[in-house]
Amino acid sequence: MNNNNFFPIERNRYFYGKMLTARDFETEQRYFNNKRRLINRTLFGAGVVCGLGVYQNDDASFSVETGMALDYSGREIVVSEPVIRKLNMVEGYESLEKSGQGYLCLQYLQTDREPVNNIGASDHDSEQFNKIGEGYRLYLSAEEPLLSDIYGCGGTNSVTSVYNSHGVRIVRIVPLTAAAGEEMTLRFIVIKGIDSQPVSFTYRFDSDYFRSSGGSTELSFAEESKTEKDVFTVDFTLRAALVSEVSVPLCSGRGELSVCIGDYTDKTSVDIPDVYICADRDSLNEMRDTRISTLVNHIDGENTPLYLAKVDCLKIGTGYIIRHITPLPFGQRIHTGGSGSLCTGNAPAAQSGSLSGNFLRGGVSAGIETLEHWQQPRVNTHYDPKSGKLDFRFGIPSGEKYDYAASSGTVDIPISGAIRVNARFLSQDIPHGLGPGEVSLTLSVEYSEDGARRLLFGSGEVFSPKNETKLVPRIESAALLDPDKGTFRVGLRLTDYVEGHTVRVRWFAFKPVGDNSCGSAEEDIAVQIAPLIHKMKPLERVRFTAVVEGTEDKTVSWSVVDADGGSIDDNGLYQAPSAAGTYEISACSNADPASRVSAFVVVGEDA
């Protein structure tokens, strides 16, 4: 298990008087780099983390978007700027002559930077480099990828090339473990040229231990015409028999694969791997985690590149033009696997319906809980170590619903007097009957028009402009609310002469009544104040802030507990007294007067 990239794991030991050389500093860097890369490889796997999309610009050039990836040694590959390349300027362009198609590959690359003069070396070795730049290598390769490194998942899958002829390659991927009575995925990868005829195949086998979802042992795939695809991923679902802790063949004898490429038909027999059927999902996860998912299996395939795209070209004269680009043909992307799914090359071994690694192997579930409108949104998580399942519960407040208390009435406001134009008239205090607190008031002026009763809301001047026939009285109305007393006053302004001795005003009052009674019962109301202790000089000012939790009413009442201890306004702005001393500031929740918190100020000349 000696891997030159990661092992042995050694770090510096420091002591007074230790002489540090370049070797010691290299050991320091190597230790932390290798630890991080080992975690990357075993926990997350290899593949594209974000970005790195490949797009065809024209028939001679392509673009690669910015992004990040982890390679098969756990090293971070960062493409910080978009890459635009002409095909004939890319390393490995000459390899396209073999078949007119190849793969755009990405690998980690480090280079020496900033040459400097090494004054402590001999002349022939005087040039050194001050830095190492971490970058990437982007190149073309016509060699077919070793799919066992990409899809093998460190030994959890059997990867076999079952057909390779007439420009078509078919690879079969079989999980080597399954749970009794549960489904597993049999996957085929079909790779062809863009000009190849449509491909179809049938895989026939007899099995005593596995059945497809339809109950048959014949699996078929047919490429749709004019799909313009050159890489296909074909999944079939098989259900394991109710046997346990036994290794069984996938099928009896050898399977038969019939391949059709256009009008051409070919047949071949295929070797069959053995599959170990575990008693249940827990046994399956335990076997993968402890027996298969070894460190050696995790760090295999360190030289495998990331295949960003499959490029199909056409030769024109002495060069090639791009006809088709297939981004990430083998799905080398770091993401979550599905239940019972195969691992792809991006994920480490021992996955089954899990995030990468040995935890969350039982999958992730989520649910939504409806909270009261006054409660804060919340997220509760529960992890079951035995099953490896992570459960999320999202608490989402419901929409606040109001019940409205309403009242209405009329008031006759006297308008006696000779001067009425631009005159103002006020009523006495009118109780609206909804109790103390804030209410919404609407006023209307009542008048008669041709014997019919009318209600005027707003200014009558809108309906009776100057120099026109007066249709409605030119009256403006307003209300002044006293929320502490539960009363209001009505004011009128007459912009023109109004007949009569009184004006009747009809009023409507509305008060929203929210159901907050359960807020204190289910959640305690808590008040936090800042600063808790503050030193200041006489007559100085400081602003206190208060945060209220457990209720929708976030307001507080401020007060100074000590007599002659200064003053504080409704916004928490405190002014110290002229006398030195220690004084208490109190913040009390308006929703629950029992919820109270104090802060202290120390006033003195030396503060």
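Just so it is clear, the structure is predicted and the values come from calculations on it, not from any experiment. (Residues numbered from 1 in each chain as written. Predicted model: local features only at pLDDT ≥ 70, side-chain atom pairs only at ≥ 80, totals over all residues. Heavy atoms only, no water.)

Trainee: Mind showing me how you'd approach the overall build of the chain here?
Mentor: Counting its regular elements, the chain contains 5 helices and 42 strands. Every one of the 607 residues in the chain was classed for burial, and the buried ones make up 43%. Long-range pairs, those at least 24 residues apart, make up 64% of the contacts in the chain with a sequence separation of at least 6. Counting only carbon and sulfur atoms, one obtains 49% of the accessible surface of the chain, whose full area is about 32,900 Å². (Helix = DSSP H or I, 4+ residues; strand = E, 2+ residues; numbered from the N terminus. Buried < 20%, exposed > 50% of the residue type's maximum accessible area, 1.4 Å probe, protein only. Contact = heavy atoms within 4.5 Å. Areas by Shrake-Rupley, 256 points an atom, 1.4 Å probe, with all protein chains shown as cover.)

Trainee: What is the right way to read the environment of Asn 422 from this model?
Mentor: Mapped onto the elements of the fold, Asn 422 is located in the loop between strand E26 (402-414) and strand E27 (423-426). Taking the C-alpha atoms as reference points, Asn 422 and Leu 492, 70 residues apart in sequence, are found 9.8 Å from one another. Setting aside its immediate chain neighbours within four residues, Asn 422 contacts Arg 493, Leu 494 and Thr 495. Here Arg 493 takes part through its side chain, which lies 3.4 Å from a polar atom of the side chain of Asn 422. (Polar contact = N/O pair within 3.5 Å; in protein donor to acceptor, adjacent residues only side chain to side chain.)

Trainee: Please explain helix H3 (residues 281-292) as it appears in this structure.
Mentor: In an α-helix, one turn spans 3.6 residues; hence positions three or four apart end up facing the same way. Relative to the 16 Å expected for 12 residues at 1.5 Å per residue, H3 spans 15 Å between its end C-alpha atoms, a close match to the ideal helical length. All of the buried residues along H3 are Arg 281, Leu 284, Asn 285, Met 287, Arg 288, Asp 289 and Ile 292. Its side-chain oxygen at 3.3 Å from the backbone nitrogen of Asp 282, Asp 280 defines the N-terminal cap of H3. (Expected span 1.5 Å × (residues − 1).)

Trainee: Explain the packing of aromatic side chains here, please?
Mentor: The geometry of an aromatic ring pair is captured by two quantities: the separation of the ring centres and the angle between the planes. Tallied over the entire structure, the rule returns 15 aromatic pairs. Taking 6.1 Å as the distance between ring centres and 80° as the angle between the ring planes, the aromatic pair formed by Tyr 93 and Tyr 320 counts as edge-to-face. Taken together, the residues span a long stretch of sequence, with Tyr 93 in the loop between strand E6 (83-86) and strand E7 (101-117) and Tyr 320 in strand E22 (residues 319-327) at a distance of 227 residues. Given the relative accessible area of 17%, Tyr 93 is considered buried. Summarising the aromatic geometry, the rings of Phe 221 and Phe 232 are spaced 5.7 Å apart at their centres and angled 55° between planes, so their arrangement reads as tilted. Note that Phe 221 is positioned in strand E15 (residues 218-222) and Phe 232 in strand E16 (residues 231-240), a separation of 11 residues in sequence. The pair formed by Phe 221 and Phe 232 is uniform in burial state, with each residue classed as buried. Linked through ring pairs, Phe 188, Phe 201, Tyr 203, Phe 205, Phe 221, Phe 232 and Phe 236 together constitute an aromatic cluster. For the cation-ring pair, Lys 18 lies above Tyr 14, with the distance from its terminal atom to the ring centre recorded as 5.3 Å. It is Arg 137 that lies over the ring of Tyr 139; its NZ or CZ is 3.8 Å from the centre. (Phe/Tyr/Trp six-rings, centres within 6.5 Å; stacked < 30°, edge-to-face > 60°. Lys NZ or Arg CZ within 6 Å of the ring centre and 35° of its normal.)

Trainee: Explain a negative patch on the surface here, please?
Mentor: A contiguous patch of negative charge, built from Glu 245, Asp 280, Asp 282 and Glu 286, is present on the exposed surface. Mapping Glu 286 onto the fold places it in helix H3. A relative accessible area of 52% means that Glu 286 is categorised as exposed. (Patch = residues over 30% accessible without salt bridge, like charges linked within 9 Å, V, L, I, M, F, W, Y side chains within 5 Å. Salt bridge = Lys/Arg side-chain N within 4 Å of Asp/Glu carboxyl O. Lys, Arg positive; Asp, Glu negative; His and termini not counted. Charge placed at Lys NZ, Arg CZ, Asp CG, Glu CD.)

Trainee: What is the right way to look at the sheet that holds strand E42 (residues 596-603) in this model?
Mentor: The pairing of strands in a sheet happens through backbone hydrogen bonds and is either parallel or antiparallel. A sheet is described by the order of its strands in space; here 4 strands give the open sequence E35-E42-E41-E38, paired in mixed fashion. If you trace the sheet from one side to the other, it starts and ends with strand E35 (533-536) and strand E38 (556-560), each paired once. Taken over all neighbouring pairs, the strand axes of this sheet differ in orientation by 25° on average, direction set aside. Judged from the 8 bridges that link them, strand E41 (residues 581-589) and E42 form a sheet pairing that is antiparallel. Bridging across to E42, Ala 587 finds its partner in Val 597. (Pairing = 2+ DSSP bridges. Axes fitted to C-alpha atoms, helices over the stretch in contact; angles between N-to-C directions.)

Trainee: So what exactly am I meant to see when it comes to the nonpolar core here?
Mentor: Residues Phe 62, Val 64, Leu 87 and Leu 104 are the most contacted members of the largest nonpolar core, which totals 42 residues. Top contributing element to this core by residue count: strand E21 (residues 306-316), with 6 residues. Other than its neighbours up to four places away in sequence, Val 64 contacts Leu 52, Gly 53, Val 54, Pro 82, Val 83, Leu 104, Leu 138 and Leu 308. (Core = buried A, V, L, I, M, F, W, Y, C linked by side-chain atoms within 4.5 Å.)

Trainee: Can you walk me through the sheet that holds E7 in this structure?
Mentor: If you walk across this open sheet you meet the 4 strands as E8-E7-E21-E22, and the pairing is antiparallel. Because the sheet does not close on itself, it has two edges, and the strands there are strand E8 (127-141) and E22. The sheet shows a mean angle of 35° between the axes of neighbouring strands, taken without regard to direction. Two elements, E7 and E8, share 14 bridges in a ladder whose sense is antiparallel. Of the residues in E8, the one forming a bridge with Pro 115 is Phe 129.

Trainee: I'm lost on the side chain of Glu 76 in this one. Help?
Mentor: Along the chain, the position of Glu 76 falls in strand E5 (residues 76-79). A polar contact is formed between the side chain of Glu 76 and the side chain of Arg 36, at a distance of 2.6 Å. In terms of polar contacts, Glu 76 uses its side chain to reach the side chain of Asn 40, at 3.2 Å. Apart from the residues within four sequence positions on either side, Glu 76 is in contact with Arg 36, Asn 40, Met 68, Ala 69, Leu 70 and Tyr 108.

Trainee: Can you help me understand the pattern of salt bridges in this one?
Mentor: Where charged atoms of side chains with opposite charge meet at close range, the side chains can pair. What the rule picks out here adds up to 19 salt bridges. For Arg 169, the salt bridge identified is with Glu 144, shortest N-O distance 3.4 Å. Taken together, the residues span a long stretch of sequence, with Arg 169 in strand E10 (residues 168-175) and Glu 144 in the loop between E8 and helix H2 (147-151) at a distance of 25 residues. Judged by its relative accessible area of 13%, Arg 169 is buried. Arg 504 serves as the salt-bridge partner of Asp 412, at 2.9 Å between the closest nitrogen and oxygen. Taken together, the residues span a long stretch of sequence, with Asp 412 in strand E26 and Arg 504 in strand E33 (residues 502-514) at a distance of 92 residues. Connected through salt bridges with shared partners, the residues Glu 446, Arg 453 and Arg 506 form a single ionic network.

Trainee: When you look at a nonpolar patch on the surface in this model, what are you seeing that I'm missing?
Mentor: A contiguous nonpolar surface patch, about 380 Å² in accessible area, is contributed by Ile 368, Val 379, Phe 394 and Ile 396. As for its position among the elements, Ile 368 is in strand E23 (residues 363-371).

Trainee: I keep staring at helix H1 (residues 22-44) and nothing clicks. Help me out?
Mentor: The end-to-end C-alpha distance of H1, which contains 23 residues, comes to 32 Å, matching closely the 33 Å that a straight helix rising 1.5 Å per residue would cover. Of the residues making up H1, those classed as buried are Asp 24, Thr 27, Tyr 31, Asn 34, Arg 37, Leu 38, Asn 40 and Arg 41. Looking one or two residues beyond H1, the residue adopting positive phi is Gly 45, at roughly 90°.

Trainee: Teacher, can you tell me more about the pairing of strand E20 (residues 274-278) here?
Mentor: When a strand is regular, its side chains alternate between the sheet's two faces. Where burial is concerned, most of E20 is hidden: 4 out of the 5 residues are buried. Pairing of strand E17 (residues 246-249) with E20 involves 4 bridges; the strand directions are antiparallel. Counted as the bridge partner of Val 246 is Ile 277 from E20.

Trainee: Got a minute to help me understand the confidence of the model for the chain in this structure?
Mentor: Mean pLDDT over the chain works out to 80, with 86% of the residues at or above the 70 mark. pLDDT under 50 marks residues 515-522. Its contacts with residues more than four places away, or in other chains, come to 12 contacts. (pLDDT = per-residue confidence, 0-100.)

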